[in-house]
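Given next are the chains, with one letter for each unit.
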Amino acid sequence: MGYVFPNELEINWGLFIVLYPYLTGLVAGAFIVSSLYHVFRISSLKPVSRLALIAALAVLLVAPMTLISHLGQPLRALNMLWTPSPTSAMAGFGYIYSFYLIIVLLEIWFMYRKDLVKFAAIKDGWTGKFYNLLTLGAKDVSEKALHIDHKVVGILAIIGIPSAAFLHGYVGFIFGAIKANPWWSTPLMPVIFLLSAIVSGIALLIVIFEVTCWIRRVKIDFECMMAMNKYLWVFLILAFVLEILEIIFIGYEGKEEWPAIKGLIFEVIPVTFFGVQIAGMVLAFFLLLASRKKNISQFAARIMTFVSGGAILLSVLAMRFNVVIGGQLVSKSLVGYTKFHIPIWEEGIIPTLIFLVLPFVLMTIMVKLLPPWLDEEPLAAVTVKRRRDFQAARGIEGEGAAEEIPTLWGRAASTLVFGKIFKEVE
Amino acid sequence: MIFDRGDKVTIRQEDGNPSAQAVFRIGVILVLAVVIFVIVRQMMIPASFGQYGRYRGNSISENASLNAAYAGSSNDCGECHQQEFMALAQAQHREIDCQSCHGPAAKHVSKPAVTSPIVQETAELCNSCHRQIAGRQDGKIVTVRPLLHSGGVNCTRCHNPHRPQLSFEGDKS
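Visitor: It is not clear to me how the overall build of chain A should be interpreted in this structure. Could you clarify?
Guide: A count of helices and strands for chain A gives 14 helices and zero strands. Going from N to C terminus, chain A has its helices and strands arranged as α-α-α-α-α-α-α-α-α-α-α-α-α-α. A total of 426 residues make up chain A; the buried ones form 52% of that total. Considering only residue pairs separated by 6 or more positions, chain A has 79% of its internal contacts joining residues 24 or more positions apart. In the structure as shown, chain A presents an accessible area of about 19600 Å², 70% of it carried by carbon and sulfur atoms.

So this is what it looks like as structure tokens:
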């Protein structure tokens, strides 16, 4: 279409580079939710405060995999750590990422230390040994020690907020600083990326929270859900305004690149831009608004919040696509567009889907190891036999003390078969 | 606080001043991690790094000492491959070096019998220059759409690579 230069035929930053800002964005957003509780003491978010960190860690571990797979020569990634160039924004990545990873790991460790000590004590065999190792031998769980833990978590959360903002703002910075590309080059880029990151992270938590409550068959904490609903709505407005503002600004300025950008959004990527990115945000905006009306039942409000969460997750993914791929579709000649063919294997749709599912697999494993639920009696995580012994030893008797705990799949299956979806409502 | 598992395991608050124990252990691990990183980094940085700029200085001398893979020019080939050389000299491909299509052939020139250059009889070879794509404007180089032009059939079925323009007689000498 139009005139493109010969070296623009290939889209060099493909789907993995779309995924990278998406995944780091989810991390930053999830982390901010947990910090809202730990730092700003928004207690209604307590039920998801641990889950948020576990989710953040799971996604954080997958995010660099996309970059490294994109490189094709994974080991060369290390060169950037050995000999970083001080003037390269890209080279900062390894350090920023590692720093942030350490913060998240430490915060999780301090938060779970009491549970780790407990698990190390009550589980047998290898699992017990494993938890024992995880405690690092710091088995003091006196009031005083726990108080220190709590304080450390608070401090880490405070350090974590700017780090999370930095980790993600930096991704926007890299795009924003490419002056040759009119679709990217704006100082607003880091802020836009950051806000959409927060939005997507909250949306992710809403979805995970709803789904896990359903799988675990516990009554969802409605207040917590609506708190997330509120924050999603607020940040959504900010993100939306900035994203639109940027385009209106370029349009109003009407410099030489405007026709190229207008063509891009109206002719080249209208489906992903208007159809998914903008429509998703608008839909979520109205659903969230309506869900907080007085005459809406709790059940309906939950469904609406859940759907908005899903819509936002898609919308932000589309936004990353529109930015990363869209920016490369515009020719430097400003009078032509390259085509993007989605490959199947190499940096294609299948590994992309794998990278999107992988965080949830990791999350499942981590949640098994470190149950983040605050509503559940911690012993439920222990095997039935152990629990029986434990209770016998402590002399706890009572109804359902030794009742079998159905497995996740058992629950999901019975829920499907007997149609007990959302049974706990009303 | 005590977590006891029936009779076996009992963990109690340890004596002394253990409440900052966790922070201390983590601190030690972090310091260790940084030290290990610094040591490994020192080992991984190539010796001549930064000699001239932000790259390995030795790579210059290493590359300079490599043997050239390409022979000087088409003239080097002409001595022995008269027919191709003469054909090419008069044809539209005259500006193209033999080695653009046959690959680096310095070794072949010095020892023709030992190594022979690549003979690539594929449509891909011709398409790499002649396929019509956005960004390759007609006028600089004649382009075709391979599928329409020949149905993807190997170009050398009709064109002589050394004298590509077909004459009305349709010969392929």
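Visitor: Help me understand the overall build of chain B, please; the structure alone is not making it clear to me.
Guide: Along chain B, the regular secondary structure elements total eight helices and two strands. Walking chain B from its N terminus toward its C terminus, one meets helices and strands in the order β-β-α-α-α-α-α-α-α-α. Split into buried and exposed, the 173 residues of chain B put 20% on the buried side. Total accessible area on chain B stands at roughly 12600 Å², and carbon and sulfur atoms take up 59% of it.

Visitor: Can you walk me through the packing of helix 7 (residues 189–216) of chain A against helix 8 (residues 222–253) of chain A in this structure?
Guide: In a pair of packed helices, the angle between the axes and the distance between the axes together describe the arrangement. Residue and element names in this part refer to chain A. Two elements in contact, helix 7 and helix 8, have axes whose closest approach is 9 Å; the angle formed by their N-to-C orientations is 150°. One element, helix 7, and the other, helix 8, form an angle in the roughly antiparallel class. The two elements helix 7 and helix 8 meet at a crossing, and its hand is left-handed.

Visitor: Explain the confidence of the model for chain A here, please?
Guide: Caution applies to low-pLDDT regions: their predicted coordinates should not be interpreted in detail. All names here are of chain A. Confidence in the prediction for chain A averages 87 pLDDT; 88% of positions are at 70 or higher. Averaged pLDDT values for the elements of chain A fall to 46 in helix 14 (residues 408–418) and rise to 97 in helix 10 (residues 270–291). Below a pLDDT of 50 lies the segment residues 397–406, which in the model reaches 14 contacts outside its immediate sequence neighbourhood of four places, other chains included. Contacts from residues 412–426, a stretch scored under 50 in pLDDT, to residues over four places away or in other chains number 19 contacts.

Visitor: Whenever I open this one, the state of the cysteines confuses me. Can you help?
Guide: Here, the word disulfide means a covalent bond between the sulfur atoms of two cysteines. Enumeration over the complete set of coordinates arrives at zero disulfides over all chains. No disulfide involves A:Cys224; its nearest neighbouring cysteine sulfur is the one of A:Cys213, lying 8.4 Å away. With no disulfide of its own, B:Cys101 lies 7.1 Å from the sulfur of B:Cys129, the closest cysteine sulfur.

Visitor: What exactly am I supposed to notice about the packing of aromatic side chains here?
Guide: In this description, a pair of aromatic rings is defined by centroid distance and the angle of the planes. All names here are of chain A. Per the stated rule, a full pass over the model turns up 21 aromatic pairs over all chains. Through a chain of ring-to-ring contacts, the aromatic side chains of Trp13, Phe175, Trp184 and Phe193 assemble into a single cluster. For arginine 292, the ring lying beneath its charged end belongs to tryptophan 233, and the centroid distance is 5.0 Å. Cation over ring: arginine 320 sits above phenylalanine 193, and NZ or CZ is 4.9 Å from the ring centre.

Visitor: Quick question: what am I supposed to make of the domain arrangement of chain A here?
Guide: Size of an interface, as often reported, equals the accessible area lost when the parts are brought together. All names here are of chain A. Domain annotation for chain A reports domain 1 (12–177 + 343–387 + 404–421) and domain 2 (221–340). Taking the mean C-alpha position of each, domain 1 and domain 2 sit 26 Å from one another. Between domain 1 and domain 2, the residue contacts involve 19 residues of the former and 15 residues of the latter. Across the interface of domain 1 and domain 2, roughly 1500 Å² is buried in total on both sides, 78% from carbon and sulfur atoms. Together, Val18, Tyr22 and Ser44 form the three largest contributors to the area buried by domain 1 at its contact with domain 2, with a combined 36%.

Visitor: I would appreciate a short explanation of a nonpolar patch on the surface in the present structure.
Guide: Residues and elements named next belong to chain A. Residues Val211, Leu283, Phe299, Ile303, Phe306 and Val307 make up a contiguous nonpolar surface patch of about 420 Å² in total accessible area. Here the nonpolar patch gets four residues from one element, more than from any other, and that element is helix 11 (residues 298–329). Mapped onto the elements of the fold, valine 211 is located in helix 7. Note on valine 211: relative accessible area 31%, which makes it partly exposed.

Visitor: So what exactly am I meant to see when it comes to the packing of helix 8 of chain A against helix 10 of chain A here?
Guide: Residue and element names in this part refer to chain A. Where helix 8 meets helix 10, the closest approach of the two axes is 10 Å, and the angle between their N-to-C directions is 140°. Helix 8 and helix 10 meet at a crossing whose hand is left-handed. Taken together, the residues of helix 10 that come into contact with helix 8 (itself represented by Met226, Asn229, Leu232, Trp233, Leu236, Ile237, Ala239, Phe240, Glu243, Ile244 and Ile247) are Phe273, Gln277, Ile278, Met281, Val282, Ala284, Phe285, Leu288, Leu289 and Ser291. In the contact of helix 8 with helix 10, the residues fall into 17 nonpolar, three polar and one charged.

Visitor: Would you take a moment to explain the nonpolar core for this structure?
Guide: The nonpolar side chains of a soluble globular protein tend to be buried, and buried together. Residues and elements named next belong to chain A. By size, the foremost hydrophobic cluster in this structure holds 123 residues, and its most contacted members are Leu45, Ile202, Phe209 and Met228. Looking at which element gives the most residues to this core, the answer is helix 1 (residues 15–38), with 17 residues. Counting residues domain by domain, this core receives three or more from each of domain 1 (12–177 + 343–387 + 404–421) and domain 2 (221–340). Those residues in contact with leucine 45, other than ones at most four positions away along the chain, are Val33, Leu36, Tyr37, Cys224, Ala227, Met228 and Tyr231.

Visitor: Can you help me understand the pattern of salt bridges in this one?
Guide: Side chains bearing opposite charge may pair, as long as their charged atoms lie close to each other. All names here are of chain A. As enumerated under the stated definition, the model contains six salt bridges over all chains in all. Ionic pairing is found between aspartate 149 and arginine 113, a salt bridge with its closest N-O pair at 2.8 Å. Of this pair, aspartate 149 sits in helix 6 (residues 143–176) while arginine 113 sits in helix 4 (residues 92–122), and the two are 36 residues apart along the sequence. Between lysine 255 and glutamate 253 there is a salt bridge; the shortest N-O distance is 3.8 Å. A residue is classified by how much of its surface remains accessible, and lysine 255, at 40% relative accessible area, is partly exposed. Given the relative accessible area of 41%, glutamate 253 is considered partly exposed.

Visitor: What exactly am I supposed to notice about helix 10 of chain A here?
Guide: Three- or four-residue spacings in an α-helix give side chains the same orientation, since the helix completes a turn every 3.6 residues. Residue and element names in this part refer to chain A. Taking 1.5 Å of rise per residue, 22 residues should cover 32 Å, and helix 10 covers 29 Å from first to last C-alpha, within 8% of that figure. Residue alanine 279 marks the point of greatest curvature in helix 10, where the axis turns by about 35°. Three or more residues of helix 10 are buried, namely Phe273, Gln277, Ile278, Gly280, Met281, Ala284, Leu287, Leu288 and Ser291. In this fold, the buried residues of helix 10 make contact with helix 8, helix 9 (258–268) and helix 11.

About the thresholds
- Residues numbered from 1 in each chain as written.
- Chains lettered and ligands numbered in written order.
- Predicted model: local features only at pLDDT ≥ 70, side-chain atom pairs only at ≥ 80, totals over all residues.
- Heavy atoms only, no water.
- Helix = DSSP H or I, 4+ residues; strand = E, 2+ residues; numbered from the N terminus.
- Buried < 20%, exposed > 50% of the residue type's maximum accessible area, 1.4 Å probe, protein only.
- Contact = heavy atoms within 4.5 Å.
- Areas by Shrake-Rupley, 256 points an atom, 1.4 Å probe, with all protein chains shown as cover.
- Axes fitted to C-alpha atoms, helices over the stretch in contact; angles between N-to-C directions.
- Parallel < 35°, antiparallel > 145°, perpendicular 65-115°, else oblique.
- Left-handed = near helix turned anticlockwise from the far one by under 90°.
- pLDDT = per-residue confidence, 0-100.
- Disulfide = S-S within 2.5 Å.
- Phe/Tyr/Trp six-rings, centres within 6.5 Å; stacked < 30°, edge-to-face > 60°.
- Lys NZ or Arg CZ within 6 Å of the ring centre and 35° of its normal.
- Domains from an automatic or database assignment.
- Buried area = accessible area lost by both parts, 1.4 Å probe.
- Patch = residues over 30% accessible without salt bridge, like charges linked within 9 Å, V, L, I, M, F, W, Y side chains within 5 Å.
- Salt bridge = Lys/Arg side-chain N within 4 Å of Asp/Glu carboxyl O.
- Nonpolar A, V, L, I, M, F, W, Y, C, P; charged D, E, K, R; others polar.
- Core = buried A, V, L, I, M, F, W, Y, C linked by side-chain atoms within 4.5 Å.
- Expected span 1.5 Å × (residues − 1).
- Bend = angle between axes of the 7 residues up to and from the residue.

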